[in-house]
Amino acid sequence: MSAQNPKPHPDAVAEARRREMATEHLLFGTVRFLAQRHPELLDELEGSLAHLWDPVEGEARDDEAVRTIARRIIKGLRAEG
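First things first, this report covers the structure right here in the doc. (Residues numbered from 1 in each chain as written. Predicted model: local features only at pLDDT ≥ 70, side-chain atom pairs only at ≥ 80, totals over all residues. Heavy atoms only, no water.)

1. Topic: the packing of aromatic side chains
Selection criterion: Think of it this way: a Phe, Tyr or Trp ring, Trp meaning its six-membered ring, pairs with another when their centres are within 6.5 Å, and the plane angle makes it stacked under 30 degrees, edge-to-face over 60, tilted otherwise. Distance and angle both matter: a charge sits over a ring if NZ of Lys or CZ of Arg is within 6 Å of the ring centre and within 35 degrees of the ring normal.
If you walk through the whole model with that rule in mind, you get 0 aromatic pairs. Of note, R37 hangs over the ring of F33, and the distance from its end group to the ring centre comes to 3.6 Å.

Here it is as structure tokens:
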């Protein structure tokens, strides 16, 4: 079997977005799997949201927007439970 070196995608932004989507999918699936077996996990995650922040600096920073997204994800996981 020969080593394959895929060519980097010419659009770095599109490639980064695809990696992000793939990572989110895998993490969401992992949390869903664990939460089905350990429902208290979602309570722990929800309780940790006060520590979640937006890494962007300046006027664009919106910690609460990041927390809102996390709350929606947790809400979706609870609905699936």
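On we go.
2. Comments concerning helix α1 (residues 12–37)
Using the following cut-off: The numbering of helices and of strands both runs from the N terminus, where a helix is a DSSP run of H or I of at least 4 residues and a strand a run of E of at least 2. A helix is expected to span 1.5 Å for every residue after the first. In protein, a polar contact means a hydrogen-donor-capable atom and an acceptor-capable atom, both N or O and within 3.5 Å, with residues adjacent in sequence counting only if both atoms are side-chain atoms; elsewhere, any N or O pair within 3.5 Å suffices.
Compared with the 38 Å implied by 1.5 Å per residue over 26 residues, the 38 Å span of α1 between its first and last C-alpha is a close match. N-cap assignment for α1: the residue whose side-chain oxygen lies 3.2 Å from the backbone N of V13 is D11.

3. As for the packing of α1 against helix α3 (residues 63–80)
Put simply, the rule reads: Between N-to-C directions, angles span 0 to 180 degrees; the directions come from axes that are lines fitted to C-alpha atoms, helices contributing only their stretch in contact. For classification purposes, an angle smaller than 35 degrees is called roughly parallel, one larger than 145 roughly antiparallel, one from 65 to 115 roughly perpendicular, and anything else oblique. For a crossing to be left-handed, the near helix must be turned anticlockwise from the far one by less than a right angle; the clockwise case is right-handed. Note on contacts: a residue pair is in contact if any heavy atoms of the two residues lie within 4.5 Å. Three residue categories are used. Nonpolar comprises Ala, Val, Leu, Ile, Met, Phe, Trp, Tyr, Cys and Pro, charged comprises Asp, Glu, Lys and Arg, and polar comprises the others, including Gly.
Two elements in contact, α1 and α3, have axes whose closest approach is 10 Å; the angle formed by their N-to-C orientations is 45°. As far as their axial angle goes, α3 and α1 are oblique. Every pair of crossing elements has a handedness; the one defined by α1 and α3 is right-handed. Across the interface between the two elements, F28, V31 and R32 of α1 pack against I73, L77 and E80 of α3. Classifying every residue of the contact of α1 with α3 gives 4 nonpolar, no polar and 2 charged.

4. Observations regarding the pattern of salt bridges
For the record, the criterion: In what follows, salt bridge is the name for a side-chain nitrogen of Lys or Arg lying within 4 Å of a carboxyl oxygen of Asp or Glu. Think of it in three bands: residues with accessible area under 20% of the maximum for their type are buried, residues over 50% are exposed, and the middle band is partly exposed, with areas taken using a 1.4 Å probe on protein chains only.
Across all of its chains, the model carries 7 salt bridges by this definition. Residue R18 is joined to E15 by a salt bridge in which the shortest nitrogen-to-oxygen separation is 3.9 Å. A residue pair is termed a helical-turn pair when its members lie 3 or 4 positions apart in one helix, as R18 and E15 do in helix α1 at 3 residues. Owing to a relative accessible area of 46%, R18 belongs among the partly exposed residues under this scheme. E15 gets classed as partly exposed once you look at its relative accessible area, which sits at 27%. With its nearest N and O atoms 3.0 Å apart, the salt bridge here joins D63 to R61. For D63, a relative accessible area of 22% gives the class partly exposed. Taken together, the shared-partner salt bridges connect D43, E46 and R78 into one network.

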